[in-house]
Amino acid sequence: MKSSGGEHNMTKKQYDLNFKKMVVAKGKEIGNMTAVARQHELDPKMVLRWARELSRKDLDQLDGNSIKQAKFVPTAEDYAQLERENEKLKKLYAEQALERDILKDLLKKTNPHLRIK
């Protein structure tokens with residue numbers, strides 16, 4: 001599908017990195033990039049691209065501003081949030097490991113002929 005350059009206007013709006021980060025962060029927070037994009041009257045595809053770009057390490061290629069931006073220094077709140085997330089994941093993992101062991105034991109009991117490690 002080739003587009004004749006007509007409908008692509010050259011005055012592409014430039015958004016600064018902080019704005020992109022804010023929109024992407026909001027989208028991640030509510031788990032819906034499209035809704036946040038619409039809220040800011042942005043193209044959801046563009047916002048999803050920002051999210052991809054921001055999740056990559058090469059942020060300096062997003063736009064010229066980012067090079068001049070200070071390194072991200074996590075706050076105590078960031079750490080606290082990571083701690084909570086980490087605890088949640090640990091619990092989830094432990095529960096799944098337990099479930100797996102229970103299922104394995106059950107399989108061994110109900111199918112003694114199967115060699116289950």
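For every chain, the first residue of the written sequence is number 1, and numbering continues from 1 along that sequence. Only residues with pLDDT of 70 or above have their local features reported here, since the model is predicted, and side-chain atom pairs are shown and tallied only from 80 upward, although totals for entire chains, interfaces and linings are computed over all residues. Only hydrogens and water are set aside when side-chain values are computed; all heavy atoms of the structure are taken into account.

Q: Explain the pattern of salt bridges to me, and be specific about the residues and the numbers.
A: Put simply, a salt bridge is a Lys or Arg side-chain nitrogen that is within 4 Å of an Asp or Glu carboxyl oxygen. Under the criterion given, the structure shown has three salt bridges. Between Glu 77 and Arg 84 there is a salt bridge, with its nearest N and O atoms 3.4 Å apart. When the shortest N-O distance is used, the salt bridge between Glu 87 and Lys 90 registers 3.6 Å. Taken together, the residues span about one helical turn, with Glu 87 and Lys 90 both in helix 5 (residues 76–110) at a distance of three residues. Take Lys 90: its relative accessible area is 48%, and that puts it in the partly exposed class. Helix and strand definitions here come from DSSP, where helices need a minimum of 4 consecutive H or I residues and strands a minimum of 2 consecutive E residues; each element is numbered from the N-terminal end. Any residue under 20% of the maximum accessible area for its type is buried, any over 50% is exposed, and the rest in between are partly exposed; the area is computed with a 1.4 Å probe on protein chains only.

Q: Talk me through the packing of helix 1 (residues 17–30) against helix 3 (residues 44–55); I want residue IDs and the actual numbers.
A: Under this scheme, a helix contributes an axis fitted over its contacting stretch, all axes are lines through C-alpha atoms, and angles between N-to-C directions fall in the 0 to 180 degree range. The interhelical angle for the contact between helix 1 and helix 3, taken along N-to-C directions, is 100 degrees, at an axis separation of 9 Å. When the axes of helix 1 and helix 3 are compared, the pair comes out roughly perpendicular. Two secondary-structure elements touch here, helix 1 through Leu 17, Phe 19, Lys 20, Lys 21, Val 23 and Val 24 and helix 3 through Val 47, Trp 50, Ala 51 and Leu 54. Residues are grouped as follows: nonpolar covers Ala, Val, Leu, Ile, Met, Phe, Trp, Tyr, Cys and Pro; charged covers Asp, Glu, Lys and Arg; every other residue, Gly included, is treated as polar. Here the residues of the contact of helix 1 with helix 3 are counted per class, giving eight nonpolar, no polar and two charged. Each angle receives one of four descriptions, namely roughly parallel if under 35 degrees, roughly antiparallel if over 145, roughly perpendicular if within 65 to 115, and oblique otherwise. A contact between two residues is defined here by any heavy atoms of the two lying within 4.5 Å.

Q: I'd love a proper account of the nonpolar core, names of residues and values included.
A: In this description, a nonpolar core means a group of buried Ala, Val, Leu, Ile, Met, Phe, Trp, Tyr and Cys residues linked to one another through side-chain atoms lying within 4.5 Å. Core analysis: the largest hydrophobic core is formed by 13 residues, its most contacted members being Val 23, Val 24, Leu 42, Val 47 and Trp 50. Every residue in contact with Val 24, bar those within four places of it in the chain, is listed here: Met 33, Val 47, Trp 50, Ala 51 and Leu 54.

Q: Which residues make up the packing of aromatic side chains, and what values do they have?
A: Put simply, two rings from Phe, Tyr or Trp (the six-membered ring, in Trp's case) pair if the centres are within 6.5 Å, and we call them stacked under 30 degrees between planes, edge-to-face over 60, tilted for the rest. Taken as a whole and judged by the stated rule, the model has three aromatic pairs. For the pair Phe 19 and Trp 50, a centre-to-centre distance of 6.1 Å together with 75 degrees between the ring planes defines the contact as edge-to-face. Here the residue Phe 19 occupies a position in helix 1, and Trp 50 occupies one in helix 3, the gap between them amounting to 31 residues. The class for Trp 50 is buried, based on a relative accessible area of 2%. Among the aromatic side chains, those forming a connected cluster through ring pairs are Tyr 15, Phe 19 and Trp 50.

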